[in-house]
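Examination of the molecular architecture
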Amino acid sequence: MTPQLVEITSFGRGGIHPPTHKELTARSPIEDLPWPGEVWLPLVQHLGEPAVPIVKKGDTVARGQMIAEGGATGVPIHASVPGKIKFIDKRPHPTLVTCPTLVIRHTDETDELAFEEDPAWRALDAAETLARIQQAGIVGLGGAAFPTHRKLMLPKGVTVDTFVLNGAECEPYLTADHRLMMLRPREILEGALIMARLVGARRLLIGIEADKSDVIAGFRDAAADTPLDGISFDVRVCEVRYPQGAERQLITALTGRVVPPRSLPSAVGVIVQNVATAQAVHDAVRFRRPLIDRIMTVTGPGIVTPRNVRAPLGALLQDIVAFCGGAREETTRLIAGGPMMGRALPRLDLPLIKGMNGLVLLTGRGPFEEGYGPCIQCGRCLDACPLGLEPNQVSIFVEAGRTLETDPFGTLDCYECGSCTYVCPSERPLLQFMQVAKSALRRASDLRIVK
Amino acid sequence: MSAAETPTAAAPHPYVISPGPHVRVEESTAQIMWWVNGALAPAAIWGVIVFGPNALAVVLAAIAGALAAEWAVARALERRVTLHDGSAVCTGLLLAMTLPPAVPWWTAALGSIFAIVFGKAIFGGLGYNLFNPALIGRAFMLATFPVAMTAGWIAPQPWFAVPVDAITTATPLAVLREQGLPQALQLAASPGGPYAGLALGLRPGSIGEVSVLLIALGAGALLARRIITLTIPLSIFSGVALTTAFSGALTLHLLSGGLWLGAFFMATDYVTSPVTRNGKIVFGLIIGALTGIIRLYGGYPEGICYAILLANTLVPALNTWFRPRRTMLAGTPS
């Protein structure tokens, strides 16, 4: 092996270096979950209006068949296993508590719809491409679950020159994007090119953290024999540093541009999409294949066999955990997504939804279980904040009941990466203070109390 | 279907719902405080060795007084008793280290009780105090027991040496003030020369401040663990150097008195120092300059205690004047 000198870029101020624990699954290939007995497909798995069911109880459905239509702002839902619609009813939901859900019992009566390549896929016009992305039910797979077609429709007057593909995967523990980039660099590149052409970007950059530099060769090979249509392409290696994969930080690391607070990346001519989303877009445009499964990392000290799993959407977390050897007795917390920005789930009888890129089973005491101490003004949260906000001040003002006076500390700019809370030696829930202050300020500005 | 035979889906393990982030650094406030106490220990132990049994009694009395006051305040105000977090021990230990070795032990206990009650508790407890509690305790003692606090200096008389009666003397800075540099340096005379004597601590002075070397060792540990940074200490040294550069005794000023103890262990106290780097620089320069000015022109031979207390009053203002730089520049095409 010849040592290679790679230039490593990073964002400006702040950030933290939590232990990544990626060694648990960094070399685990993506394994398919066996057909689950049933899947629960909530009508809300995206930001936008709920999908509207177009099937009824007892219908037989094929894998890939549309079973609920997307509204004006949402995306449709597709059957992720072949089977029969068992019922449509309210079921537990990972983020919404409960949600109307289509339950499919798996049967072998039907199979998967055939998804054949459209020979003209490279020459489609923008409207058709967007329609295919929307019809495939694609949302941002990095966790936000914002409908991808909406992100690709630029407002009038906004131009984009750079398309950034987010392969940073800066959350500790998660390796799903890493393994996908190892397995499918071509599809990811093609999907990114489709989206770059759509928004008129002339430059395509892939940002990865340095612990994933083994994917570079695959992307370079793919780029060598893929028609790039004059779009320049490069893989950029970023420092392993949280939150490198946050849109703003990645844009700064890759382009040197700073997205102004409360603006979208397109304000500086950039669009960012996750690598898994790019692969889904490729499948949707080239094969008209909808989003019916996703790759996730099932990991943490609480799981018997940490794995990267490809599972049909709607598969129950208990089936996925069982496939990974089950949960250890000492598991105390179940985190959907990464441990920094992910969400604690109360139970395993919840469905896998589109935005869930990992399931981290943690052991031991969780944050704040023993209360928290006073702010000792150590300033560590100020050093950790990538935006230069003042979580210490916000927390003290909120504690004193002076929530509406926190605006000068940048409360409204916070995108809740949690770095401040990670470093706080007094275990203060700084992020939650920030959320309290943020919602109060928004409510107040709605009421025009604060201009 | 019997009640016991519920579907697997209905009987999941009850997991804890807690807000994110779900991982955090290991280092807690209590650990930081105990690291500070541990870093102070070498210099404190050396002070006890150099100055004899009364110094030990002073150190123990100050710590006991601080712990007792902390406990009593927590009980009286029905707050959580947090003796284990090390902050009261830290206040007591720091106060003792600033005291002349010959002060009566009970005055040290009174000083640390005052430090905890009026330096910390009345402001709202840990995190809310404006002034460094240990220095509040020292200022209280200087006002209350002026003779003991200004005449309590003794020549080093290590336990391992032949026991003699305590020789009352003056500190190098006091001698510098009254008699001049050569006489001051004589006080720190040692086989390696006067400056080696200052580094080792074989000179009259407060219990914990005499050995610059051991204070530096403790400070090095805190720097290595990134509990403190060099910003404040270096700014203080710069301020002292700037104000005393033309006094002819620059090195003595930099190596003597409580400067090192104050710069590394008191001015760096999180609660009573600014949070941003620029704030820290200004804070340190002010302390350094005030220390130099008090020593050269003020009423006391030593100035670091009041310099830090005065600068403490500026911390809220410094935190407002020197805010973190926000990441908000408009984007520019690269």
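Only a predicted model underlies this, so the values are computations on that prediction, with no experimental measurement involved. (Residues numbered from 1 in each chain as written. Chains lettered and ligands numbered in written order. Predicted model: local features only at pLDDT ≥ 70, side-chain atom pairs only at ≥ 80, totals over all residues.)

**Some thoughts on the overall build of chain B**
To keep things clear, this is the line we draw: By the criteria applied, helices consist of DSSP H or I runs no shorter than four residues and strands consist of E runs no shorter than two, each listed in order from the N terminus. Neighbour density around each residue's C-beta defines its exposure: 20 or more other C-beta atoms within 10 Å make it buried, 12 or fewer make it exposed, and counts between make it partly exposed, where C-beta atoms are placed from the backbone. By the convention adopted here, residues are in contact when the distance between their C-beta atoms, placed from the backbone, does not exceed 7 Å.
Summing up its helical and strand segments, chain B has 16 helices and 0 strands in all. Sorting the 334 residues of chain B into buried and exposed places 53% on the buried side. The contacts in chain B between residues at least 6 apart in sequence include a share of 73% that link residues at least 24 apart.

**With respect to the interface of chain A and chain B**
Applied cut-off: Asp, Glu, Lys and Arg are counted as charged, while Ala, Val, Leu, Ile, Met, Phe, Trp, Tyr, Cys and Pro are counted as nonpolar; the rest, among them Gly, fall into the polar class.
Counting residues at the interface gives 61 residues for chain A and 39 residues for chain B. Looking at the side of chain A that touches chain B, the elements that each hand over two or more residues are strand 16 (331-336), strand 17 (343-345), helix 11 (419-423) and helix 12 (430-446) of chain A. Of all the elements, strand 16 of chain A adds the most residues to the side of chain A that touches chain B, at 5 residues. For the side of chain A that touches chain B, the residue count by class is 33 nonpolar, 19 polar and 9 charged.

**With respect to the sheet that holds strand 6 (residues 66-69) of chain A**
Residues and elements named next belong to chain A. The line we're drawing: In this description, strands pair whenever DSSP reports at least two bridges between them.
Overall, antiparallel pairing links the 3 strands, which are arranged 4-6-7 in an open sheet. Each edge of the open sheet carries a strand with a single partner, namely strand 4 (52-53) and strand 7 (77-78). Sheet topology note: the strand 6/strand 7 ladder contains 2 bridges and is antiparallel. When the bridges of strand 7 are listed, Met 66 appears paired with His 78.

**Some words on the domain arrangement of chain A**
Residue and element names in this part refer to chain A. Rules: These domain boundaries are the output of an automatic or database domain assignment.
Here the domain parsing of chain A yields domain 1 (32-109 + 291-363), domain 2 (138-287) and domain 3 (380-446). Relative to domain 2, the C-alpha centre of domain 1 lies at a distance of 25 Å. Counting from both sides, the interface comprises 25 residues of domain 1 and, opposite them, 21 residues of domain 2. Counting residues per element, the side of domain 1 that touches domain 2 draws most heavily on strand 14 (residues 293-299), which supplies 5 residues. In the side of domain 1 that touches domain 2, the residues fall into 9 nonpolar, 14 polar and 2 charged.

**Some words on the nonpolar core**
Our working rule: Any nonpolar core is a set of buried residues, restricted to Ala, Val, Leu, Ile, Met, Phe, Trp, Tyr and Cys, that join up through C-beta atoms within 7 Å.
Core analysis: the largest hydrophobic core is formed by 140 residues, its most contacted members being A:Phe163, A:Ala192, A:Met195 and A:Ile320. Apart from the residues lying within four places of it in its own chain, the contact partners of A:Met195 are A:Leu152, A:Phe163, A:Gln273, A:Ala278 and A:Val281. Core analysis: the second largest hydrophobic core is formed by 96 residues, B:Val58, B:Ala108, B:Leu200 and B:Val212 among them.

**A closer look at the sheet that holds strand 11 (residues 203-209) of chain A**
With parallel pairing, the 5 strands of this open sheet are ordered in space as 1-12-11-10-13 (chain A). Edge positions in the sheet fall to strand 1 (8-9) and strand 13 (270-274) of chain A, since each of these pairs with one other strand and no more.

**A look at the packing of helix 4 (residues 185-199) of chain A against helix 7 (residues 275-287) of chain A**
All names here are of chain A. We count it as follows: Each axis is a line fitted through C-alpha atoms, and for a helix only the stretch in contact is used; angles between axes span 0 to 180 degrees, taken between their N-to-C directions. Comment on the angle field: the value is read as roughly parallel under 35 degrees, roughly antiparallel over 145, roughly perpendicular from 65 to 115, and oblique elsewhere.
It is the contact of helix 4 with helix 7, at a shortest axis distance of 7 Å, that shows an interaxial angle of 80 degrees. Taken together, the axis directions place helix 4 and helix 7 in an arrangement best described as roughly perpendicular. Every residue of helix 7 that contacts helix 4 at Glu 187, Ile 188, Glu 190, Gly 191, Ala 192, Ile 194 and Met 195 is listed here: Val 275, Ala 278, Gln 279, Val 281, His 282 and Val 285. By residue class, the composition of the contact of helix 4 with helix 7 is 8 nonpolar, 3 polar and 2 charged.

**A short note on helix 6 (residues 247-255) of chain A**
Residues and elements named next belong to chain A. Most of helix 6 is tucked away, with 9 of its 9 residues classed as buried. Turning to helix 6, its buried residues are Glu 247, Arg 248, Gln 249, Leu 250, Ile 251, Thr 252, Ala 253, Leu 254 and Thr 255. Taken together, the buried residues of helix 6 touch strand 1, strand 10 (162-167), strand 11, strand 12 (232-238) and strand 13. Gly 256, located one to two residues past helix 6, shows a positive phi value of around 80 degrees.

**Some remarks on helix 10 (residues 391-399) of chain A**
Residues and elements named next belong to chain A. The element helix 10 is largely enclosed, with a buried count of 8 among its 9 residues. Buried residues belonging to helix 10 abut helix 9 (380-384), helix 11 and helix 12. Count one or two residues on from helix 10 and you reach Gly 401, which has phi positive near 80 degrees.

**What to know about the environment of B:Ile32**
Of note, B:Ile32 is situated in helix 1 (residues 29-51). Classification of B:Ile32 by C-beta neighbours within 10 Å gives buried; the count is 23. Measuring from C-alpha to C-alpha, the distance between B:Ile32 and B:Ile228 comes to 9.9 Å, with 196 residues separating the pair along the chain. Beyond its immediate chain neighbours, meaning those up to four positions away, B:Ile32 contacts A:Pro425, B:Glu27 and B:Ile227.

**A word on the pairing of strand 18 (residues 358-363) of chain A**
Residues and elements named next belong to chain A. Among the 6 residues that make up strand 18, 5 are buried, leaving the element largely enclosed by the rest of the structure. Here 3 bridges tie strand 14 to strand 18, and the two strands are oriented parallel to one another. Of the residues in strand 18, the one forming a bridge with Thr 299 is Val 360. With 5 bridges connecting them, strand 16 and strand 18 associate as antiparallel partners. Within strand 18, the position partnered with Thr 331 by the bridge is Thr 363.

**Notes on the pairing of strand 16 of chain A**
A regular strand carries its side chains on alternate faces of the sheet. Residues and elements named next belong to chain A. A large share of strand 16 lies buried, amounting to 5 of its 6 residues. Relative to strand 17, strand 16 runs antiparallel, the two being bridged by 3 bridges. By the bridge assignment, Ala 336 is partnered in strand 17 with Arg 343.

**Quick notes on unusual backbone geometry**
With omega at 0 degrees, the peptide bond leading from A:Tyr242 into A:Pro243 counts as cis. On the secondary structure map, A:Pro243 appears in the loop between strand 12 and helix 6. The omega torsion across B:Gly20 and B:Pro21 is -10 degrees, close enough to zero to call that bond cis. Mapping B:Pro21 onto the fold places it in the segment before helix 1.

**Looking at the environment of A:Thr107**
All names here are of chain A. Among the structural elements, Thr 107 can be located in the loop between strand 9 (97-106) and helix 1 (126-135). Residue class for Thr 107 comes out partly exposed when judged on the 13 C-beta atoms lying within 10 Å of it. Considered as a pair, Thr 107 and Ile 54 are 53 residues apart in the sequence and their alpha carbons are 20 Å apart. What Thr 107 contacts, discounting residues up to four positions off in sequence, is Pro 82, Gly 83 and Lys 84.

**Structural notes on the packing of helix 1 of chain A against helix 7 of chain A**
All names here are of chain A. Short version of the rule: By definition, turning the near helix anticlockwise from the far helix through less than a right angle yields a left-handed crossing, and turning it clockwise yields a right-handed one.
Between helix 1 and helix 7, whose axes approach to 9 Å, the crossing angle comes to 115 degrees. The interaxial crossing formed by helix 1 with helix 7 has right-handed handedness. Together, Thr 129, Arg 132 and Ile 133 of helix 1 and Val 281, Ala 284 and Val 285 of helix 7 make up the contact between the two elements. Classifying every residue of the contact of helix 1 with helix 7 by side-chain character gives 4 nonpolar, 1 polar and 1 charged.

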